[in-house]
Amino acid sequence: MEGMGSRSGAASSVVADWSLAFWTLCAVVLPVLITLWCSFQRSRRQVLIRDIFRKSKHDWHYTDLFGQPSYCCVCAQHILQGAFCSSCGLRVSEGCLKKADQLFLCKEVVMRGNGGAHGSMPHRWIRGNVPLCSCCMICKQQCGTQPKLCDYRCVWCQYTVHDECMMDCLKTEECTFGEFRDLIIPPYYLSTINQMRKDKRTNYEKVVPYCRKHWMPVIILANTRSGNNMGETLLGEFKLLLNPVQVFDLSKIAPAKALQLCTLLPCNAVRVLVCGGDGTVGWVLDAIDDMKIKGQERFIPQVAILPLGTGNDLSNTLGWGAGYAGEVPVEQILRNVMEADGIKLDRWKVQVTNKGYYNLRKPKVFTMNNYFSIGPDALMALNFHAHREKTPSLFSSRIINKAVYFFYGTKDCLVQECKDLNKKVELELDGERIELPNLEGIIVLNIGYWGGGCRLWEGMGDEPYPLARHDDGLLEVVGVHGSFHCAQIQVKLANPVRLGQAHTVRLILKSSKMPMQVDGEPWAQGPCTVTITHKTHALMLYHSGEQTDDDASSVSEQDHVREQTDEEV
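Cut-offs used in this document
Residues numbered from 1 in each chain as written. Predicted model: local features only at pLDDT ≥ 70, side-chain atom pairs only at ≥ 80, totals over all residues. Heavy atoms only, no water. UniProt positions renumbered as here; feature names shortened; annotations may be inferred. Helix = DSSP H or I, 4+ residues; strand = E, 2+ residues; numbered from the N terminus. Buried < 20%, exposed > 50% of the residue type's maximum accessible area, 1.4 Å probe, protein only. Contact = heavy atoms within 4.5 Å. Pairing = 2+ DSSP bridges. Salt bridge = Lys/Arg side-chain N within 4 Å of Asp/Glu carboxyl O. Phe/Tyr/Trp six-rings, centres within 6.5 Å; stacked < 30°, edge-to-face > 60°.

An unreviewed UniProt entry lists the protein under the name Diacylglycerol kinase, with Pluvianellus socialis as the source organism. Turning to the protein, the UniProt record has this under Sequence similarities (unreviewed entry): "Belongs to the eukaryotic diacylglycerol kinase family."

Right, let's get into the side chain of D289. You can see D289 is positioned in helix α8 (residues 278–293). Under the relative-accessibility criterion, D289 is labelled buried at 10%. Aside from chain neighbours lying at most four places away, what touches D289 is R347, K535 and T536.

The next point concerns helix α6 (residues 231–241). Along α6, the residues classified as buried are G231, L234, L235, G236, F238, K239 and L241. Turning to α6, the residues buried within the fold contact β9 (218–222), β10 (247–249), β11 (271–276), β12 (302–307) and α10 (330–339).

One non-glycine residue with positive phi stands out, namely N268, at about 55°. Tracing the chain through its elements places N268 in the loop between α7 (255–258) and β11.

If a strand is regular, its side chains alternate between the two faces of the sheet. Pairing of strand β13 (residues 341–354) with strand β24 (residues 528–542), which is carried by 14 bridges, proceeds in the antiparallel orientation. Counterpart to K344 in the pairing with β24 is L539. Relative to β24, strand β21 (residues 505–509) is paired through 5 bridges, and the arrangement is antiparallel. By the bridge assignment, I508 is partnered in β24 with T529.

This part is about the sheet that holds strand β1 (residues 60–63). The 3 strands are arranged β1-β4-β5 in an open sheet whose pairing can be described as antiparallel. Here the strands that pair on one side only, and so sit at the sheet edges, are β1 and β5 (91–92). Bridge count between strand β4 (residues 82–85) and β5: 2 bridges; the pairing is antiparallel. If you follow A83 over to β5, its bridge partner there is V92.

Here we come to the sheet that holds strand β7 (residues 152–154). The 3 strands lie next to each other as β6-β7-β8, forming an open sheet whose pairing is antiparallel. Two strands lie at the open edges of the sheet, namely β6 (125–127) and β8 (160–161), each paired on one side alone.

Where charged atoms from two side chains of opposite charge approach closely, those side chains can pair. Within the structure shown, the criterion is met by 14 salt bridges. Note that K292 and D289 form a salt bridge whose closest N and O atoms lie 3.7 Å from each other. Here the residue K292 and the residue D289 both occupy positions in helix α8, the gap between them amounting to 3 residues, near one helical turn. Owing to a relative accessible area of 24%, K292 belongs among the partly exposed residues under this scheme. A salt bridge links E458 to K492, with the nearest nitrogen and oxygen atoms 3.6 Å apart. With E458 in the loop between β18 (441–445) and β19 (475–480) and K492 in the loop between α13 (483–490) and β20 (497–502), this pair connects stretches of sequence that are 34 residues apart. Classification of E458 by relative accessible area gives buried; the value is 5%. By sharing partners, the salt bridges in this structure join D286, D289, K292, R347 and K535 into a single network.

Taken as a whole and judged by the stated rule, the model has 6 aromatic pairs. With centroids separated by 6.2 Å and ring planes inclined at 65°, the aromatic side chains of F177 and Y188 adopt a geometry described as edge-to-face. Remark: Y188 occurs in helix α5 (residues 187–198) and F177 occurs in the loop between α4 (168–172) and α5; sequence separation between them is 11 residues. Per residue, the accessibility class of F177 equals that of Y188, and both read buried.

Structure, rendered in structure tokens:
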């Protein structure tokens with residue numbers, strides 16, 4: 001009996017062990033299987049969604065969380081995540097995406113049929129998800145106050161109407177294109193232009209009365225890779241307010257191709273808003289110069305800037321601010337573009353010729369809008385770019401970028417890699433050689449700002465200095481004693497070494513290799529001759545409403561620019 005009892009006890013313990021092992025295995029394997037199944041379903045869903053996005057005429061984007069209370073345009077249910085069209089503003093749940101794509105049309109870039117013959121088009125109403133604080137165009141009361149899919153919005157004029165105020169006459173009423181009618185390219189204009197091109201007619205000016213008397217269509221060129229990566233969001237907001245055909249992503253299409261839209265629009269009427277850093281602006285201005293070479297000078301647009309880069313010195317000089325982080329609504333940006341004044345900007349040719357009897361390489365040629373420099377600030381830019389190329393993912397914030405610049409500037413204060421520059425270079429201004437004091441850097445300025453917001457030529461402002469402008473055909477040349485001197489100038493604790501003004505600057509690097517930069521694009525350069533001469537003028541837009549405390553001392557300069565513009569007009 002005792003043997004049987006011991007055997008039964010052993011058997012029960014074995015069963016208990018197997019049972020424990022089984023449930024342990026289930027506890028481990030089951031979550032893994034569920035995770036794999038969910039991952040499979042998620043990837044399958046993503047493939048289906050991408051397929052719908054690819055085939056759709058809507059500009060769909062998927063989001064995990066909407067920024068405001070949203071309701072599906074198909075099932076009218078409240079949704080936290082789903083898809084939205086950045087062109088017409090439709091919002092749908094994931095399950096209703098395919099149905100919404102079939103039921104609702106997006107904004108028409110070009111009007112079909114004979115819409116162009118009438119020069120008008122009706123409102124294009126979409127129900128629900130109206131902007132917060134919008135008012136009904138009929139009763140003037142607030143719209144979108146009920147927690148459900150309610151009220152209507154026109155995708156062109158952005159007018160909103162209550163459900164109960166919507167009448168049959170509104171559905172056929174002519175759309176006025178709202179506040180930004182003077183900036184929008186209407187679909188019927190493009191359909192008329194297409195017909196004229198088929199008939200081989202190019203007198204597009206005759207089509208302007210179909211639009212507006214003071215029509216100044218705007219083209220948006222956004223670099224989604226600039227600075228703080230706000231370009232993607234801005235693209236969607238501009239598409240919602242304008243015709244999507246006016247909005248271009250420079251990471252997908254080159255400026256030269258995008259600017260060909262200017263040739264379909266009235267002469268001397270187009271305005272371009274460049275969303276990016278100073279490098280992006282220079283890229284666009286180079287494409288505009290190419291238009292002049294092609295004989296398209298009468299279609300040259302005026303250029304405004306929305307600063308998304310790190311330094312944004314050109315933007316600051318032209319009154320558009322030192323940086324944009326979403327603090328100003330897109331609607332106000334468009335108003336600023338409409339109200340801006342036209343001015344000219346000098347553009348300069350920088351030619352770098354290497355020394356040597358057997359040097360057969362062609363000289364390097366750059367176009368300068370902002371400044372050229374040799375010395376510590378060029379060294380900081382060179383180190384920054386080298387670091388960014390190794391780990392580009394780290395440089396997605398303007399604050400991080402400036403912190404890295406600060407690190408390399410502090411390092412150079414200790415190492416002083418550019419000392420005794422005055423013994424290594426010769427400087428000529430308009431053919432006259434300049435005796436250099438003990439310096440570490442030389443900076444040649446075309447604009448008022450340098451180094452991310454510093455008025456370098458002005459310095460502390462405690463001593464008289466010659467007037468400097470960005471349209472006078474003159475360059476300002478200054479010297480700095482090192483990185484610490486640069487930092488002192490930026491906080492107005494020191495003045496630069498003003499070396500003079502000139503129409504032509506010639507700099508000879510006699511020996512060794514030194515860092516140089518043109519508009520923030522740095523490189524290491526051996527013995528050479530650098531010659532800077534005037535190249536051309538660029539047509540820019542100046543916004544007078546964006547001034548800082550540093551600009552108080554330059555009011556007279558800005559007034560002079562406006563007087564000169566008025567005289568030209």
